[in-house]
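What the coordinates show
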Amino acid sequence: MSENENMTMEEEYNPDHKKRMNWAHFVENDVVAFFDAHELERLSLDDGTGNRAKLARTKSNGIKIEYTSSVVL
């Protein structure tokens, strides 16, 4: 089974969309776990290709996430 057989139509015709979804998934899962495990107050990320994220701890100990993705057409 090839990798393309597991792709959705959106992923196949718009591979940049897959990258944005992966960035969002990475930030909301792996980065949040790291942020929480190390009890950080603020964290900024930049992958060098236009994807950025900022995490900040709120007064109620929640985590506020702002992230952007950049696409070149």
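Residues numbered from 1 in each chain as written. Predicted model: local features only at pLDDT ≥ 70, side-chain atom pairs only at ≥ 80, totals over all residues. Heavy atoms only, no water.

1. Let's talk about the sheet that holds strand E2 (residues 52-57)
The three strands lie next to each other as E1-E2-E3, forming an open sheet whose pairing is antiparallel. Only two strands of the sheet have a single partner each, and these edge strands are strand E1 (42-46) and strand E3 (63-68). Each strand axis lies, on average, 10° off the axis of its neighbour in the sheet, ignoring direction. Here six bridges tie E2 to E3, and the two strands are oriented antiparallel to one another. Following the sheet pairing, Arg52 is matched in E3 by Thr68. (Pairing = 2+ DSSP bridges. Helix = DSSP H or I, 4+ residues; strand = E, 2+ residues; numbered from the N terminus. Axes fitted to C-alpha atoms, helices over the stretch in contact; angles between N-to-C directions.)

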